[in-house]
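Summary of structural features
For reference, the chains in residue letters:
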Amino acid sequence: MKNTVVLVGAPVQTGTNIQGCLMGPDALRTAGLQVSLEALGYSVIDRGNILPEASRDRVHSNSAVHHLSETISWTEKLHDVALAEIREGHLPVFLGGDHSMAAGTVSGIARAAAEAGEEQFVLWLDAHPDFHNLSTTTSGNLHGTPAAYFCGLSGFEGYYPELNTTIKPENICMMGLRSVDNAERAALQKTGIETYDMRRIDENGVVKPINEFLERVKAANGRLHLSFDVDFLDPDIAPAVGTTVPGGATFREAHLIMEMLCDSQLVTSVDLVELNPFLDVRGRTATLMADLVSSLFGKQVLDHPNRA
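As the structure is a prediction and not an experimental result, all values here were calculated from the model.

Conventions and cut-offs
Sequence order sets the numbering: in each chain, residues are counted from 1 along the sequence as written. Thresholds applied to this predicted model are a pLDDT of at least 70 for local features of residues and 80 or more for the giving and counting of side-chain atom pairs; totals over whole chains, interfaces and linings are not thresholded and use all residues. Think of the side-chain values as coming from all heavy atoms in the structure, minus any hydrogens and water. A run of H or I in DSSP counts as a helix once it spans at least four residues, and a run of E counts as a strand once it spans at least two, with each numbered from the N terminus. We call a residue buried when its accessible area falls under 20% of the maximum for its residue type, exposed when it is over 50%, and partly exposed in between, using a 1.4 Å probe and counting protein chains only. Every residue pair with non-hydrogen atoms within 4.5 Å of one another is taken to be in contact. Note on definitions: angles span 0 to 180 degrees between N-to-C directions of axes, and those axes are lines fitted to C-alpha atoms, for helices only across the stretch in contact. Orientation categories follow fixed angle ranges, with anything under 35 degrees roughly parallel, anything over 145 roughly antiparallel, 65 to 115 roughly perpendicular, and all other angles oblique. Left-handed is the label given to a crossing in which the near helix is rotated counterclockwise from the far helix by less than a right angle, and right-handed is the label when the rotation is clockwise. The classification used treats Ala, Val, Leu, Ile, Met, Phe, Trp, Tyr, Cys and Pro as nonpolar, Asp, Glu, Lys and Arg as charged, and all other residues, Gly among them, as polar. Patch membership requires more than 30% relative accessible area and the absence of a salt bridge. Residues of like charge join within 9 Å; the nonpolar side chains Val, Leu, Ile, Met, Phe, Trp and Tyr join within 5 Å. All accessibility values rest on the Shrake-Rupley procedure with a 1.4 Å probe; residue burial counts only the protein chains present in the view. Basic side-chain nitrogens of Lys or Arg form a salt bridge, by our definition, when they fall within 4 Å of a carboxyl oxygen of Asp or Glu.

Attention now moves to the environment of Leu214. You can see Leu214 is positioned in helix H8 (residues 207–219). Judged by its relative accessible area of 7%, Leu214 falls in the buried class. In sequence terms Leu214 and Lys190 are 24 residues apart; their C-alpha atoms lie 23 Å from each other. Those residues in contact with Leu214 that lie beyond four places of it in its chain are Leu224, Met260, Leu261, Ser264 and Leu266.

What follows deals with the packing of H8 against helix H9 (residues 251–264). Where H8 meets H9, the closest approach of the two axes is 11 Å, and the angle between their N-to-C directions is 25 degrees. With respect to H9, the axis of H8 lies roughly parallel. Crossing of H8 over H9 shows right-handed handedness. Across from Val207, Ile210, Asn211 and Leu214 in H8, the residues of H9 making contact are Leu256, Ile257, Met260, Leu261 and Ser264. By residue class, the composition of the contact of H8 with H9 is 7 nonpolar, 2 polar and no charged.

A cluster of nonpolar side chains, contributed by Leu22, Met23, Phe278 and Leu279, occupies part of the molecular surface with about 390 Å² of accessible area. Structurally, the position occupied by Met23 is in the loop between strand S1 (4–10) and helix H1 (24–30). We classify Met23 as partly exposed; its relative accessible area is 35%.

What follows is the structure, given as structure tokens:
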């Protein structure tokens with residue numbers, strides 16, 4: 001992995017109807033994320049918390065949709081920041097904030113990869129695929145739409161920024177799914193995105209699917225973006241999320257995935273999303289997320305020299 005890690009706080013909570021995600025970036029800082037990364041030998045730059053430009057009012061025909069204008073402004077801002085950081089050769093870690101922010105971060109890093117003539121891949125760790133468009137969402141919560149947007153699906157035209165580059169569906173692996181709406185299921189089946197719900201993980205474990213996906217990234221000489229939603233984890237170990245879904249990844253499964261990603265040396269950018277400290281228990285979830293990121297960047301209990 002690149003030696004310079006840039007922390008970018010994105011206190012986004014316009015994509016959800018539950019308040020508290022705007023405190024996520026500072027909770028991750030309080031949990032010692034920067035100190036942990038520096039102890040592992042990385043040079044860490046903290047950009048602080050960014051803010052979007054003032055938004056012009058936009059209204060969609062789907063009356064359920066809320067905070068559309070503000071979410072679009074966040075998308076534009078995060079796209080530009082992600083693009084700039086990748087162009088500078090940094091490894092950005094975006095501290096969220098709700099998952100609507102991925103519309104901006106992923107579209108930005110995808111554009112940077114295209115400029116370099118390289119394939120961009122996305123590992124999506126989430127209980128939800130976030131594959132609605134502006135018309136199909138019934139909750140109106142735009143944190144349920146970013147993956148559909150950066151894949152270039154219809155339903156965003158005239159509202160969200162026009163994409164220079166989209167993520168190819170075959171370059172996406174979604175793991176941990178256990179809450180998928182009918183409209184999302186139909187859209188996913190048309191795209192061919194690789195999906196692993198918790199039943200498939202229970203049957204096969206995490207090692208085989210992660211290894212197979214990483215081999216594809218490596219074979220393409222590609223870049224890998226990790227988008228990590230707190231609700232990927234079981235709420236028993238990570239309660240600080242507004243969209244808790246029982247049956248998530250265990251402590252050991254999550255650390256194993258992070259260690260495998262570290263071994264691959266393929267990760268070039270990261271989202272940490274949906275941490276809501278207002279719902280946490282004495283910082284338990286923020287501390288766990290910071291610890292998982294440390295595993296991603298090389299923290300080990302013991303050295304394993306026999307690893308491939």
